[in-house]
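Listed here are the chains, written in short residue letters.
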Amino acid sequence: MLRPPSALFTLSLVLPLVAARPSSNAVWAADSAIARGQGNGLSSSGTPTVSYEHGVFQTGLRRLFESTGNRTYFDYIVQGVGEIVADDGSVGGDYVFDQFSLDPVRTGPTFLYLYEQTGLAKYKTAADTFRRQLDEHPRTAEGQFWHKLRYPNQGWLDGIYMGSLFYAQYTAMFEPTNDTAWADITAQFQLMFTNTLQNATAPNTTGLLYHGYDFSHAASWASPDRGHSPEVWDRALGWYAMALVDVLDVLAALPASAASASASTDTLRRTLLAILRVLLPRVRAGADAARGVWWLVLTQPARAGNYFESSGAAMFVYALLRAVRMGYVADDPDGVGSLVEAARRAYAYIVDHWVVGGADGTMAWEGTVVVGSLDTTGDFDYYISQPVDLNDLKGLAAFVLASMEFERL
């Protein structure tokens, strides 16, 4: 069991620069973000924030700590969580329980990890708060979590990664034989897949998943049939693909006794594998034939204003490589082409176009769109009008995870 650092260590955590470029892109990206003070539990204005971006980055740091033994990564996680979790385990910052947003729940896996590593009750208490939120979270009549209270009856792909990954990890750690919870997690994935899958006859069909759906059909963008949004947005699909792989990892880590005691874990595993084996060959096919990377709006390839986007690309590389490495899908599942080779090609584009070395030795990350939402029109013009950021942590954190998989090849 690891012990958290004393308060004195924090002054040395955020290094002014990276002395020399590491051989690992994952290390370089993570060290550069740390040097900039990113993902440290604070917003850009210096106030505590319960941010899903930080949660994703902390997953990368945890894996780097496990693979390198560099304690700086663990200590940085502890420091960041210390900004938002009080000694009594209350979750502070900008978190508001009754806003019922799935986004902040993505920091929950970090709370669980720190509880596992340190045994400190405050982390369990913080995780219990998020678990209680899921118990009370509003749902559609079919049982899908609303993405946020202010988006009634809307399920978004993003929310599966934000909420269901934590839901699975919490259940595995504390309630491994809770059939009701496992069945509910299965339903979250299946309902999202069923309600957002592009039909073969849809315009510009990719066979992939629309960004989200409105079960009530009240949103201006809701389709007549299932209430789905009009376009396939790369990052939303990337979140969902990562969630499939990561929850399969949770199931794979269950003790044999727990897995065999709950029939619902087998149903969840089979559901996730079936969805993954449908989607990943289509993700491979959705890459641009000439460049090997993905358009921001996958349903409108090469349309004027569309562009290749970095966060979704990194997420797809991660999901493709980890799914094959973990044995969740065959490398060439349909006899059309290697998933690993598609990921290799995309990764090369990522490094050539969006990874930029600075004079101070840090790595800059380019090409990540700041936001994509369904709170307005959800159409092509909306997506391409959103700004692209430098060093956006959503993309950089995904690149850390993708690079760790790539560096295992």
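Structure: see above.
Residues numbered from 1 in each chain as written. Predicted model: local features only at pLDDT ≥ 70, side-chain atom pairs only at ≥ 80, totals over all residues. Heavy atoms only, no water.

Caption draft 1: Spatial organisation of the packing of aromatic side chains. Here the structure, examined in full by the defined rule, presents 23 aromatic pairs. Their ring planes at 35° and their centres at 5.5 Å tell us that phenylalanine 65 and phenylalanine 74 sit as a pair that is tilted. A residue is classified by how much of its surface remains accessible, and phenylalanine 74, at 0% relative accessible area, is buried. Joined through ring pairs, the aromatic side chains of Tyr95, Phe111, Tyr115, Phe130, Phe166, Tyr170 and Phe174 make up one cluster. Geometry around tyrosine 113 places arginine 62 over its ring, the cationic atom sitting 5.5 Å from the centre. The side chain of lysine 124 reaches across the aromatic face of phenylalanine 174, ending 4.6 Å from its centre. (Phe/Tyr/Trp six-rings, centres within 6.5 Å; stacked < 30°, edge-to-face > 60°. Buried < 20%, exposed > 50% of the residue type's maximum accessible area, 1.4 Å probe, protein only. Lys NZ or Arg CZ within 6 Å of the ring centre and 35° of its normal.)

Caption draft 2: Summary view of the side chain of aspartate 184. Structurally, the position occupied by aspartate 184 is in helix H7 (residues 179-196). At 2.6 Å, the side chain of aspartate 184 forms a polar contact with the side chain of arginine 139. Here tyrosine 167 takes part through its side chain, which lies 2.7 Å from a polar atom of the side chain of aspartate 184. Among residues more than four places away in sequence, those in contact with aspartate 184 are Arg139, Gly143, Phe145 and Tyr167. (Helix = DSSP H or I, 4+ residues; strand = E, 2+ residues; numbered from the N terminus. Polar contact = N/O pair within 3.5 Å; in protein donor to acceptor, adjacent residues only side chain to side chain. Contact = heavy atoms within 4.5 Å.)

Caption draft 3: Highlighting the packing of helix H8 (residues 234-252) against helix H11 (residues 310-325). Interaxial distance between H8 and H11 falls to 8 Å at its minimum, and their mutual angle equals 25°. When the axes of H8 and H11 are compared, the pair comes out roughly parallel. Considering the relative orientation of H8 and H11, their crossing is left-handed. Of H11, the residues touching H8 (which contributes Asp234, Arg235, Leu237, Gly238, Trp239, Ala241, Met242, Val245, Asp246 and Asp249) are Ser311, Gly312, Ala313, Met315, Phe316, Tyr318, Ala319, Arg322 and Ala323. Taken together, the residues of the contact of H8 with H11 break down into 11 nonpolar, three polar and five charged. (Axes fitted to C-alpha atoms, helices over the stretch in contact; angles between N-to-C directions. Parallel < 35°, antiparallel > 145°, perpendicular 65-115°, else oblique. Left-handed = near helix turned anticlockwise from the far one by under 90°. Nonpolar A, V, L, I, M, F, W, Y, C, P; charged D, E, K, R; others polar.)

That is the geometry; function is a separate question.
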